[in-house]
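# Reading the structure
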Amino acid sequence: VEFCEYINLHVKNDEVCILVAYNGEYCDLEWIWRITQSPNSTLSMPTPIQFFLDPLRVIQQYKSCDINPTKSKLESLQLESVYEFLFKKKLKGA
């Protein structure tokens, strides 16, 4: 209920949202997303949330991505490492 209220409070009627979860394959958010998208599901996401994105999957699958290990010098694709590489500062609170 609080999640839905938050979305309704912060997202305008004409806006669309993307649910983003790094390493979402092993995250509860992806499973919640899948359950709500299943045929005949009685559960649903708030209407503005129309897509799910796992940045790690994009980094790994698309060799053209600048962060893909074939193009970058990242030693690890863990969230902290990628964040530090992109923003040149430590990730707080992860």
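Use the structure listed above.
Residues numbered from 1 in each chain as written. Predicted model: local features only at pLDDT ≥ 70, side-chain atom pairs only at ≥ 80, totals over all residues. Heavy atoms only, no water.

Now for the overall build of the protein chain. Scanning the protein chain for helices and strands turns up 4 helices and 2 strands. For the protein chain, whose C-alpha radius of gyration is 16 Å, the value lies well above the compact-globule estimate of 12 Å for 94 residues. Looking at the protein chain as a whole, 26% of its 94 residues are labelled buried. When contacts within the protein chain are restricted to residue pairs at least 6 apart in sequence, long-range pairs at least 24 apart make up 46% of them. Both charge centroids of the protein chain, one from 10 positive and one from 12 negative side chains, sit 10 Å from each other. (Helix = DSSP H or I, 4+ residues; strand = E, 2+ residues; numbered from the N terminus. Rg over C-alpha atoms; globule rule 2.2 N^0.38 Å. Buried < 20%, exposed > 50% of the residue type's maximum accessible area, 1.4 Å probe, protein only. Contact = heavy atoms within 4.5 Å. Lys, Arg positive; Asp, Glu negative; His and termini not counted. Charge placed at Lys NZ, Arg CZ, Asp CG, Glu CD.)

Okay, the nonpolar core next. Ranked by size, the top nonpolar core spans 9 residues in total: I7, V11, C17, L19, A21, W33, M45, I49 and F52. Apart from residues no more than four positions distant in its own chain, M45 is found in contact with F3, L19, I32, W33 and T36. (Core = buried A, V, L, I, M, F, W, Y, C linked by side-chain atoms within 4.5 Å.)

Scanning all chains against the criterion turns up 4 salt bridges. A salt bridge links R57 to E30, with the nearest nitrogen and oxygen atoms 3.4 Å apart. On the criterion of sequence distance, the pair formed by R57 in helix α3 (residues 55-61) and E30 in helix α2 (residues 28-37) is long-range, its members being 27 residues apart. Relative accessible area serves as the criterion here: at 29%, R57 is assigned to the partly exposed category. Using a relative accessible area of 4% as the deciding quantity, one classes E30 as buried. For E84, the salt bridge is made with K90, and the minimal N-O distance between the two is 3.4 Å. Judged by relative accessible area, K90 falls into the exposed class, the value being 60%. Each of E30, R34 and R57 takes part in a single network of salt bridges with overlapping partners. (Salt bridge = Lys/Arg side-chain N within 4 Å of Asp/Glu carboxyl O.)

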